[in-house]
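As a plain string of letters, each chain reads:
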Amino acid sequence: MEAITHIRFLCPAEDSAQWEIILKGLSEQQWGATLQDRIDYFGTAAAEKLEEMLDEYDPTCWNCEHWSRTTKGFEFQLYSGIEAEEFAESLEELLKLCRATNIEIDVQYDDDDE
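It should be emphasised that the depicted structure is a prediction, and the values quoted were computed from it without experimental measurement. (Residues numbered from 1 in each chain as written. Predicted model: local features only at pLDDT ≥ 70, side-chain atom pairs only at ≥ 80, totals over all residues. Heavy atoms only, no water.)

## Considering the overall build of the protein
On a plain count of helices and strands, the protein comes out with 4 helices and 4 strands. Mapped in sequence order, the helices and strands of the protein form the string β-α-α-α-β-β-α-β. Viewed in the frame of its principal axes, the protein has a C-alpha envelope of about 45 × 30 × 25 Å. The buried share among the 114 residues of the protein stands at 39%. Long-range pairs, those at least 24 residues apart, make up 69% of the contacts in the protein with a sequence separation of at least 6. Carbon and sulfur atoms provide 44% of the accessible area of the protein, an area that totals close to 6400 Å². (Helix = DSSP H or I, 4+ residues; strand = E, 2+ residues; numbered from the N terminus. Buried < 20%, exposed > 50% of the residue type's maximum accessible area, 1.4 Å probe, protein only. Contact = heavy atoms within 4.5 Å. Areas by Shrake-Rupley, 256 points an atom, 1.4 Å probe, with all protein chains shown as cover.)

## A look at empty space enclosed by the protein
Applying the stated rule across the entire model yields 1 cavity of 30 Å³ or more. Estimates place the volume of the largest cavity at around 60 Å³. If you go around the largest cavity, the residues you meet are Trp19, Ile22, Leu23, Leu26, Leu35, Ile39, Trp62, Phe76, Leu91, Leu94 and Leu95. At the level of secondary structure, the elements contributing two or more residues to the lining of the largest cavity comprise helix H1 (16-27), helix H2 (33-39) and helix H4 (84-97). Among the elements that line the lining of the largest cavity, the one with the most residues is H1, at 4 residues. In terms of residue class, the lining of the largest cavity is made up of 11 nonpolar, no polar and no charged. (1 Å grid on protein atoms, 1.4 Å probe; cavity = no way out; pocket = protein on both sides within 12 Å on 5 of 7 lines; lining within 4 Å. Points joined across faces, edges and corners; volume = space filled by probe spheres on them. Nonpolar A, V, L, I, M, F, W, Y, C, P; charged D, E, K, R; others polar.)

## Some words on the sheet that holds strand E4 (residues 101-109)
Read across the sheet, 4 strands follow the order E2-E3-E1-E4 without closing on themselves; strand pairing throughout is antiparallel. Across the chains shown, the open sheet's two edge strands, defined by having one partner strand only, are strand E2 (64-69) and E4. Each adjacent strand pair in this sheet contributes to an overall mean axis angle of 10 degrees, direction not counted. Two strands pair when backbone bridges link them, and E2 and strand E3 (residues 73-80) are joined in this way by 5 bridges, in the antiparallel orientation. In the strand pairing of E3, tryptophan 67 is matched with phenylalanine 76. H1 contacts strand E1 (3-10), E2 and E3 of the sheet and is inclined by roughly 160 degrees relative to E2. H4 rests against E1, E3 and E4 of the sheet, and its axis sits at about 165 degrees to E4. (Pairing = 2+ DSSP bridges. Axes fitted to C-alpha atoms, helices over the stretch in contact; angles between N-to-C directions.)

## A few points about the pattern of salt bridges
Side-chain pairing between opposite charges can occur once the charged atoms of the two side chains come close. What the rule picks out here adds up to 7 salt bridges. Here arginine 8 ties to glutamate 75 by a salt bridge, and the two come within 2.3 Å at their closest N and O atoms. One end of the pair, arginine 8, is in strand E1; the other, glutamate 75, is in strand E3, with 67 residues separating them in the sequence. By relative accessible area, which is 39% here, arginine 8 ends up partly exposed. In this structure, the salt-bridge partner of lysine 49 is glutamate 93, at a minimum N-O distance of 2.9 Å. Of this pair, lysine 49 sits in helix H3 (residues 44-56) while glutamate 93 sits in helix H4, and the two are 44 residues apart along the sequence. Judged by relative accessible area, lysine 49 falls into the buried class, the value being 8%. One salt-bridge network, held together by shared partners, links Lys49, Glu52 and Glu93. (Salt bridge = Lys/Arg side-chain N within 4 Å of Asp/Glu carboxyl O.)

Below, the structure is given as structure tokens:
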């Protein structure tokens with residue numbers, strides 16, 4: 001079952017450039033070590049949470065096909081499968097460790113099975 005996870009968050013202005021790098025990389029399927037290097041910017045706790053997520057979830061959970069900048073933050077979409085709800089919970093924890101605020105996450109499942 002396919003799912004689209006819509007994520008929206010605010011971030012401090014000083015983190016905006018780093019978030020642009022991260023989200024652009026996700027849209028180019030730069031997961032794993034590259035993503036880890038970019039998340040290191042936010043400190044040890046964020047790096048450890050990401051490492052846990054990379055070990056636990058299929059890399060395709062990070063498949064970002066759309067992202068954009070908002071007035072004070074970002075929004076993006078991840079295309080993931082059956083693990084989408086659990087992944088979204090972990091992602092929210094990671095975003096908080098990366099100084100994101102006002103986090104909104106909405107998981108929508110593909111209705112092809114009906």
